[in-house]
Amino acid sequence: MYTVVLDWLEERLRSGQISVGDKLPGERHLAEEFGISRASVREAIRILDAMGLVRSSTGSGPNAGAIVIAEPSAALGWALRMHVANRSLPVRDLVQTRLLLETQSAREAAAAAETPKRAAALEHAAELVAAMADPDVPDERFHAADAQFHILLASLAGNVVVETIMASLRQATICYVQETVAGLKDWPQVRRTLQQQHQEILLAFQERRGEDAAATLREHITWIFGHSPAAQEAQDPQV
């Protein structure tokens, strides 16, 4: 029965009657309107929360209830992580998808207009590269900065869907990457190589050398994938 609430919200979002930031009617109101139980309404809200469409707050007052939000990468990332964990989505295929998205985004970013948003993204990317170059940065923060670096650069192409998918892919693979490098005896050297690769990638983006950026990204992604257990089961991904 909770699907009636999901269908209702979809229709309202499509028509513009409900927008991001709006609060949904209370459980009792929705239950009475659709003739379903409040338990069914709560289940619908939980699903919408997991989908990154609402944020629920308990209690009373103006901040209580379910607020419409827009966090599509959260739901996609969660689903991808689960399917990577149960091995229904091969890591090699996820890497191939990254290659497709990131290399094409690099080419398109080279031709994108100069805007304050682009300048801010490149400045932030440079800060992340500097943070990763610090030998005292813990590995966990290094990997988080690495993930954010790639998402930022992909966003320069101006495609929101690609940016969302990239964020989801990085969420899905970051744990796998951390587990992979934790078993590397030469991780300190690998980390230094990654730092150098990130610097070269950033420079190519800053100088709008789209083909060079794409080629450097391909080399970087396939190189680190070559250190993973999945690479032992298949050749390096080619697109």
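All of these numbers come straight from a predicted model, not from anything done at the bench.

1. Digging into the confidence of the model for the chain
Summing up the model confidence of the chain, the mean pLDDT is 88 and the portion of residues at 70 or higher is 92%. Confidence scores differ between elements of the chain, with helix H8 (residues 160-182) showing the lowest mean pLDDT of 80 and helix H6 (residues 116-133) the highest of 96.

2. Let's talk about the nonpolar core
With 28 residues, the main nonpolar core has Phe149, Leu153, Leu156, Trp187 and Phe205 as its most contacted residues. Those elements that place two or more of their residues in this core are helix H5 (91-110), H6, helix H7 (139-155), helix H9 (187-206) and helix H10 (210-225). The element contributing the most residues to this core is H9, with seven residues. The residues contacting tryptophan 187, other than those within four sequence positions of it, are Asp139, Phe142, His143, Val181 and Leu194. Core analysis: the second largest hydrophobic core is formed by 15 residues, Ile18, Leu30, Ala44 and Ile45 among them.

3. Some words on the packing of H5 against H10
The interhelical angle for the contact between H5 and H10, taken along N-to-C directions, is 160°, at an axis separation of 8 Å. Taken together, the axes of H5 and H10 are roughly antiparallel relative to one another. Pair H5 / H10 crosses with right-handed handedness. Note on element contacts: H10 touches H5 through Gly210, Glu211, Ala213, Ala214, Leu217, Arg218, Ile221, Thr222 and Phe225, opposite Val91, Arg92, Val95, Arg98, Leu99, Glu102, Thr103, Ala106, Arg107 and Ala110. Grouping the amino acids of the contact of H5 with H10 by side-chain chemistry returns ten nonpolar, three polar and six charged.

4. Brief notes about empty space enclosed by the protein
Under the criterion given, the structure shown has three cavities of 30 Å³ or more. Volume-wise, the largest cavity comes out at about 270 Å³. Those elements giving two or more residues to the lining of the largest cavity turn out to be H5, H7, H8 and H10. With six residues, the top contributor of residues to the lining of the largest cavity is H8. Looking at the lining of the largest cavity residue by residue, the class counts come to ten nonpolar, seven polar and three charged.

5. Structural notes on the environment of proline 116
Its place among the elements puts proline 116 in helix H6. Expressed as a C-alpha distance, the spacing of proline 116 and alanine 75, which sit 41 residues apart in the sequence, is 29 Å.

6. Considerations on unusual backbone geometry
Positive phi values are uncommon outside glycine, yet arginine 87 reaches one of about 65°. The class for arginine 87 is exposed, based on a relative accessible area of 70%.

7. Quick word on the environment of aspartate 136
Positionally, aspartate 136 belongs in the loop between H6 and H7. The exposure class of aspartate 136 is exposed, given its relative accessible area of 66%. A sequence separation of 104 residues divides aspartate 136 from glutamate 32, and the C-alpha atoms of the two residues are 58 Å apart.

8. Notes on the environment of aspartate 212
Its place among the elements puts aspartate 212 in helix H10. Looking at aspartate 212, the relative accessible area reads 38%, which means it is partly exposed. In the structure, aspartate 212 is positioned 70 residues away from phenylalanine 142 in sequence and 24 Å away in space, judged by C-alpha atoms. A polar contact of 2.8 Å, which involves the side chain of aspartate 212, links it to the side chain of arginine 209.

9. Overview of helix H3 (residues 38-50)
Between its terminal C-alpha atoms H3 stretches 18 Å, which fits the 18 Å expected from 13 residues at 1.5 Å a residue. What H3 keeps buried is the set Ser40, Val41, Ala44, Ile45 and Leu48. Each buried residue of H3 lies within a common arc of 140° when the element is viewed along its axis, so the set occupies one face. Packing partners of the buried residues in H3 comprise helix H1 (3-15), helix H2 (27-34), strand E1 (54-57) and strand E2 (65-68). With its phi angle positive at about 75°, glycine 52 sits one or two positions after the end of H3.

About the cut-offs
- Residues numbered from 1 in each chain as written.
- Predicted model: local features only at pLDDT ≥ 70, side-chain atom pairs only at ≥ 80, totals over all residues.
- Heavy atoms only, no water.
- pLDDT = per-residue confidence, 0-100.
- Helix = DSSP H or I, 4+ residues; strand = E, 2+ residues; numbered from the N terminus.
- Core = buried A, V, L, I, M, F, W, Y, C linked by side-chain atoms within 4.5 Å.
- Buried < 20%, exposed > 50% of the residue type's maximum accessible area, 1.4 Å probe, protein only.
- Contact = heavy atoms within 4.5 Å.
- Axes fitted to C-alpha atoms, helices over the stretch in contact; angles between N-to-C directions.
- Parallel < 35°, antiparallel > 145°, perpendicular 65-115°, else oblique.
- Left-handed = near helix turned anticlockwise from the far one by under 90°.
- Nonpolar A, V, L, I, M, F, W, Y, C, P; charged D, E, K, R; others polar.
- 1 Å grid on protein atoms, 1.4 Å probe; cavity = no way out; pocket = protein on both sides within 12 Å on 5 of 7 lines; lining within 4 Å.
- Points joined across faces, edges and corners; volume = space filled by probe spheres on them.
- Polar contact = N/O pair within 3.5 Å; in protein donor to acceptor, adjacent residues only side chain to side chain.
- Expected span 1.5 Å × (residues − 1).
- Arc of directions from axis to C-beta.

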